Amino acid sequence: MRTGHKHGVTVRPARGVDADYVRYLSKEVFQQYGPYDEMLVGWFGSGTAVTLLALMGKRAVGFAMLGRVEPAWDDVQVSELLAVAVEPEKWKLSIGDLLMKEVERWAKGLRVETLVLHTSVDNLPGRKLFEKHGFSALKVKKGFYPEGQDALMMYKNI
Ligand SMILES: CC(C)(COP(=O)(O)OP(=O)(O)OC[C@H]1O[C@@H](n2cnc3c(N)ncnc32)[C@H](O)[C@@H]1OP(=O)(O)O)[C@@H](O)C(=O)NCCC(=O)NCCS
């Protein structure tokens with residue numbers, strides 16, 4: 001899909017063969033929080049998550065993953081943004097911005113009303129990215145990650 005990205009980055013839904021890429025990049029950027037390569041590949045293959053891949057030409061440079069859409073206690077349709085990740089050597093090229101826009105567009109298509117996410121309290125780039133895209137802090141969850149870090153839960157009504 002054409003996106004108007006300044007470096008010509010495009011976004012498309014991931015396919016089964018992209019599981020290895022999700023594993024590789026998750027290991028690169030999320031390993032410090034726990035076995036997220038295995039966890040994200042598990043969600044990827046679960047059939048309930050939607051994964052969007054960012055590409056420069058034919059080369060994958062990042063992904064975003066949206067979890068199952070579920071009604072919350074007040075019947076609002078909620079989905080969790082499970083991950084957004086960009087190749088470290090491609091950081092600060094607005095690829096994270098593009099993935100956030102596309103994942104929100106996808107969520108709207110699925111009639112999601114509220115997006116939630118967790119990010120490490122210490123993850124400044126992540127927190128800034130989510131704030132820029134309209135997410136607000138909801139609460140801190142102590143020891144949320146397998147490696148013990150605290151998470152900030154954020155939400156956005158879309
Ligand atoms: C967070 C991440 C996805 C950002 O990707 P990116 O492609 O570099 O982000 P962009 O270039 O699109 O920047 C978008 C916004 O993110 C924020 N941001 C990105 N890098 C930042 C940094 N080093 N410090 C502070 N804010 C940062 C800024 O708000 C930026 O907007 P601005 O350029 O107008 O200031 C990337 O750093 C990453 O993959 N990190 C590891 C995985 C992770 O922590 N994911 C988030 C939790 S799931």
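Residues numbered from 1 in each chain as written. Predicted model: local features only at pLDDT ≥ 70, side-chain atom pairs only at ≥ 80, totals over all residues.

Caption draft 1: Representation of the overall build of the protein within the structure. The secondary structure content of the protein amounts to four helices and eight strands. Beginning at the N terminus, the succession of helices and strands in the protein can be written as β-α-α-β-β-β-β-α-β-α-β-β. Here the protein has a C-alpha radius of gyration of 15 Å; the compact-globule value for 158 residues is 15 Å, and the two agree. On the principal axes, the C-alpha backbone points of the protein span a range of 40 × 35 × 30 Å. In the protein, which comprises 158 residues, the proportion classed as buried is 32%. Summarising the internal contacts of the protein: among those between residues at least 6 apart in sequence, 58% fall at separations of at least 24. (Helix = DSSP H or I, 4+ residues; strand = E, 2+ residues; numbered from the N terminus. Rg over C-alpha atoms; globule rule 2.2 N^0.38 Å. Buried ≥ 20, exposed ≤ 12 C-beta atoms within 10 Å, placed from the backbone. Contact = placed C-beta atoms within 7 Å.)

Caption draft 2: Spatial organisation of helix α2 (residues 36-44). Of the positions making up α2, those classed as buried are Y36, L40, W43 and F44. Mapping the buried residues of α2 onto a view down its axis gives an arc of 105°, with all of them on the same face. (Arc of directions from axis to C-beta.)

Caption draft 3: Quick peek at the site of the ligand. Of all residues adjacent to the ligand, which total 20 residues, the nearest are G96, P125, G126, K128 and L129. Mapped onto the shell around the ligand, the elements with two or more residues apiece are β5 (77-86), α3 (95-109) and α4 (124-132). With six residues, α4 is the single largest residue contributor to the shell around the ligand. Its residues assigned to classes, the shell around the ligand shows 11 nonpolar, five polar and four charged. (Near = placed C-beta within 6 Å. Nonpolar A, V, L, I, M, F, W, Y, C, P; charged D, E, K, R; others polar.)

Caption draft 4: Structural context of the environment of G45. Note that G45 resides in the loop between α2 and β2 (50-56). Assessed through the 13 C-beta atoms surrounding it within 10 Å, G45 is described here as partly exposed. For the pair G45 and G109, spaced 64 residues apart in the sequence, the C-alpha separation amounts to 21 Å.

Caption draft 5: Layout of the pairing of strand β8 (residues 151-157). Relative to β8, strand β6 (residues 114-120) runs antiparallel, the two being bridged by seven bridges. Note on β8: the bridge partner recorded for V116 is Y155. Note: strand β7 (residues 136-141) against β8, five bridges, orientation antiparallel. What sits directly across from K139, in β8, is M153. (Pairing = 2+ DSSP bridges.)

Caption draft 6: Seen up close, unusual backbone geometry. Phi is positive for K92, close to 65°, though the residue is something other than glycine. Here K92 shows up in the loop between β5 and α3. Accessibility expressed as a C-beta count within 10 Å gives 8 for K92, which makes it exposed. Although it is not a glycine, S94 adopts a positive phi angle of roughly 70°. As for its placement among the helices and strands, S94 is situated in the loop between β5 and α3.

Caption draft 7: Molecular detail of the nonpolar core. One finds A54, F63, A64, M65 and L99 to be the most contacted residues of the largest nonpolar core, which totals 39 residues. Not counting residues within four places of it along the chain, the set of residues in contact with L99 comprises V11, L52, A54, G62, A64 and V84. (Core = buried A, V, L, I, M, F, W, Y, C linked by C-beta atoms within 7 Å.)

Caption draft 8: Up close: the pairing of β5. Along β5, nine of the 10 residues are buried, which leaves the element largely enclosed by surrounding structure. The sheet contact formed by strand β3 (residues 59-66) and β5 spans five bridges and is antiparallel. In the strand pairing of β5, A64 is matched with V84. Bridge analysis of strand β4 (residues 70-71) against β5 gives two bridges, and the strand direction is antiparallel. Bridge pairing links P71 to Q77 in β5. Turn length for the β4-β5 hairpin, with the two strands adjacent in sequence and antiparallel, is five residues, and the turn residue D75 shows positive phi of about 70°. Both β5 and β6 contribute to a ladder of three bridges, which runs parallel. By the bridge assignment for β6, E80 is matched with V116.

This is a description of form; function is not addressed.
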